[in-house]
Amino acid sequence: MYILFMYIHDTCWESTKPRVSPMADQTGTLNWQAAQQLYHDLIVVFDRVILPTHALCHTQFLMFYLCSFKPALCDVFIDFLWKRFQNPNTSAIIRQNSAAYVASFLARATYVPATTVKSAFDLFCGWMHRYIDSQDASSHAYPDLSLYGTFYAACQAVFYVFVFRCEELVTLRKGHAWLRSLNFQRIVTCRLNPLRVCFPVVVTSFASVTRSLQLAYCYTVIEHNNRNMIPIATESNASPNGVLDSFFPFDPYMLEKSERFIAPLYREHQLRKTSPVEENNDEDDFLHFSVSPGFNHSCIISPAQDICDMQMSI
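Since the model is a prediction, treat every value here as computed from it, not as a measurement. (Residues numbered from 1 in each chain as written. Predicted model: local features only at pLDDT ≥ 70, side-chain atom pairs only at ≥ 80, totals over all residues. Heavy atoms only, no water.)

Trainee: Before we go on, may I ask you to explain the overall build of the protein chain in this structure?
Mentor: Along its length, the protein chain carries 14 helices and two strands. A total of 314 residues make up the protein chain; the buried ones form 54% of that total. Intrachain contacts of the protein chain at a sequence separation of at least 6 include 74% that bridge at least 24 residues. Total accessible area on the protein chain is roughly 14,200 Å²; 54% of this is exposed by carbon and sulfur atoms. (Helix = DSSP H or I, 4+ residues; strand = E, 2+ residues; numbered from the N terminus. Buried < 20%, exposed > 50% of the residue type's maximum accessible area, 1.4 Å probe, protein only. Contact = heavy atoms within 4.5 Å. Areas by Shrake-Rupley, 256 points an atom, 1.4 Å probe, with all protein chains shown as cover.)

As structure tokens, then:
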């Protein structure tokens with residue numbers, strides 16, 4: 001990975017020193033034409049090999065690093081993933097993976113501005129509400145990951161990003177009014193019940209944040225789901241009990257030698273203070289879910305409920 005990072009740097013920057021942060025090459029010049037060509041070459045490999053491959057650990061960070069060179073690369077990468085997600089002719093696995101990549105990219109990349117996150121939320125939440133409208137007319141709408149996996153992937157993406165970026169989104173101009181317009185309450189209380197299917201650590205962290213900001217109240221639904229949870233066997237991209245996978249591609253980078261290319265660009269999760277109500281909602285059942293090596297069980301919202309650095313164990 002170190003050699004590949006150096007190749008990307010040397011190809012795109014007219015400079016003799018490694019670019020290890022967005023501001024490290026103040027005396028260097030970005031070769032925009034070379035960067036565009038390299039992006040086009042990498043996105044083909046990403047589309048054919050990386051995106052369909054589940055639970056990769058590090059290869060995807062090549063795109064993460066390249067997109068930091070210029071905001072236009074960041075925007076076109078998000079647009080590429082969005083088009084893959086919303087295309088009904090794309091396989092369900094690719095659509096779910098695309099949502100996971102968007103979520104992890106928006107949450108972790110420090111060079112992605114809050115305005116870009118806002119635009120992505122408008123797209124995803126608009127799509128989710130239209131999906132709910134289409135299902136409300138059906139008398140057979142019920143939580144089922146095998147049938148509605150794309151919808152649950154979109155929900156989990158929004159929940160995950162919101163936990164990471166909520167403070168920035170609130171501080172945007174008319175940020176709180178805009179967040180209320182997303183109508184999280186309708187999403188979490190719809191008949192498809194995403195709080196039952198999405199990864200529990202994401203759900204409880206999202207519930208904590210939305211409660212503190214008075215955007216939605218999720219605990220009633222969560223408690224109902226806990227009382228009625230029955231293990232379900234499924235062949236979809238899920239754990240045996242019907243919970244959506246916890247794969248977030250840009251979870252912590254673990255290679256020490258090449259980490260210096262990623263660390264200055266990477267956002268760690270900032271833990272929020274909890275309320276007494278949240279502290280009383282401890283559920284030991286969540287401890288068995290797979291999480292990334294960065295998960296810290298000593299610094300969590302409740303003994304097993306934190307969003308910190310999740311990733312499916314390989």
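Trainee: Sorry if this is basic, but what is going on with the pattern of salt bridges here?
Mentor: Pairs can form between side chains of opposite charge whenever their charged atoms are close. With the rule as written, the count across this model stands at seven salt bridges. Note that Arg267 and Glu168 form a salt bridge whose closest N and O atoms lie 3.6 Å from each other. Here the residue Arg267 occupies a position in the loop between α13 (259-262) and α14 (276-279), and Glu168 occupies one in helix α7 (residues 145-170), the gap between them amounting to 99 residues. Taken together, the salt bridges that share partners define one network made up of Arg165, Glu168 and Arg267. (Salt bridge = Lys/Arg side-chain N within 4 Å of Asp/Glu carboxyl O.)

Trainee: Would you explain the packing of aromatic side chains in this entry?
Mentor: Aromatic rings considered in pairs are described by the distance between their centres and by the relative angle of their planes. Throughout the structure, instances matching the rule amount to 40 aromatic pairs. For the ring pair Phe64 and Tyr111, a centre distance of 5.7 Å and an interplane angle of 65° mean the geometry is edge-to-face. Highlighted residues: Phe64 in helix α3 (residues 61-66) and Tyr111 in the loop between α5 (92-108) and α6 (114-136), separated in sequence by 47 residues. Residue Tyr111 is classed as buried on the basis of its relative accessible area, which comes to 18%. Above the ring of Phe85, the side-chain terminus of Arg95 is found at 5.8 Å from the ring centroid. (Phe/Tyr/Trp six-rings, centres within 6.5 Å; stacked < 30°, edge-to-face > 60°. Lys NZ or Arg CZ within 6 Å of the ring centre and 35° of its normal.)

Trainee: Explain the nonpolar core here, please?
Mentor: Across soluble globular proteins, you tend to see nonpolar side chains buried next to one another. Counting 105 residues, the largest nonpolar core has Phe46, Phe64, Phe105, Phe121, Phe151, Phe162 and Phe184 as its most contacted members. Those residues within four positions of Phe105 in sequence are excluded, and the remaining contacts are Phe64, Cys67, Cys74, Phe77, Ile78, Tyr111, Val112 and Phe250. (Core = buried A, V, L, I, M, F, W, Y, C linked by side-chain atoms within 4.5 Å.)

Trainee: Would you mind going over the environment of Tyr142 with me for this structure?
Mentor: For Tyr142, the location among the structural elements is in the loop between α6 and α7. Taking the C-alpha atoms as reference points, Tyr142 and Asn193, separated by 51 residues in sequence, lie 7.5 Å from one another.

Trainee: Where do I start with the packing of helix α4 (residues 71-86) against α6 in this structure?
Mentor: To characterise two packed helices, one gives the angle between the axes of the helices and the distance between these axes. The interhelical angle for the contact between α4 and α6, taken along N-to-C directions, is 5°, at an axis separation of 12 Å. By the angle between their directions, the pair α4 and α6 is classed as roughly parallel. For the pair α4 and α6, the contacting residues are Asp75, Ile78, Trp82 and Phe85 in the first and Thr116, Leu123, Phe124 and Trp127 in the second. When the residues that make up the contact of α4 with α6 are grouped by side-chain class, the tally is six nonpolar, one polar and one charged. (Axes fitted to C-alpha atoms, helices over the stretch in contact; angles between N-to-C directions. Parallel < 35°, antiparallel > 145°, perpendicular 65-115°, else oblique. Nonpolar A, V, L, I, M, F, W, Y, C, P; charged D, E, K, R; others polar.)

Trainee: Help me understand the side chain of Gln135, please; the structure alone is not making it clear to me.
Mentor: Within the secondary structure, Gln135 is located in helix α6. With residues near it in sequence (within four places) discarded, Gln135 still touches Ala141, Tyr148 and Leu192.

Trainee: Explain helix α1 (residues 2-12) to me, please; I cannot follow it from the model alone.
Mentor: In an α-helix there are 3.6 residues to a turn, and that puts residues three or four apart on one side. Among all positions in α1, only Phe5, Met6, Ile8, His9 and Cys12 are buried. Buried residues in α1, looked at end-on, bunch into an arc of 160°, giving them a common side. (Arc of directions from axis to C-beta.)

Trainee: What is the right way to look at the packing of α6 against α7 in this model?
Mentor: With their axes 10 Å apart at the nearest point, α6 and α7 run at an angle of 145° to one another. As α6 runs across α7, the sense of the crossing is left-handed. Together, Ala114, Val117, Lys118, Phe121, Phe124, Cys125, Trp127, Met128, Tyr131, Ile132 and Gln135 of α6 and Leu147, Tyr148, Thr150, Phe151, Ala154, Cys155, Val158, Val161, Phe162, Arg165, Glu168 and Leu169 of α7 make up the contact between the two elements. Partitioning the contact of α6 with α7 into residue classes produces 18 nonpolar, two polar and three charged. (Left-handed = near helix turned anticlockwise from the far one by under 90°.)

Trainee: Would you explain unusual backbone geometry in this entry?
Mentor: Excluding glycine, residues mostly have negative phi values, and the peptide bonds linking residues are mostly trans. Even without being a glycine, Lys174 presents a positive backbone phi close to 55°. Here Lys174 shows up in the loop between α7 and α8 (175-181). One non-glycine residue, Gln214, adopts positive backbone phi at about 55°. In this fold, Gln214 is placed in the loop between α11 (200-212) and α12 (219-227). A relative accessible area of 63% places Gln214 in the exposed class.

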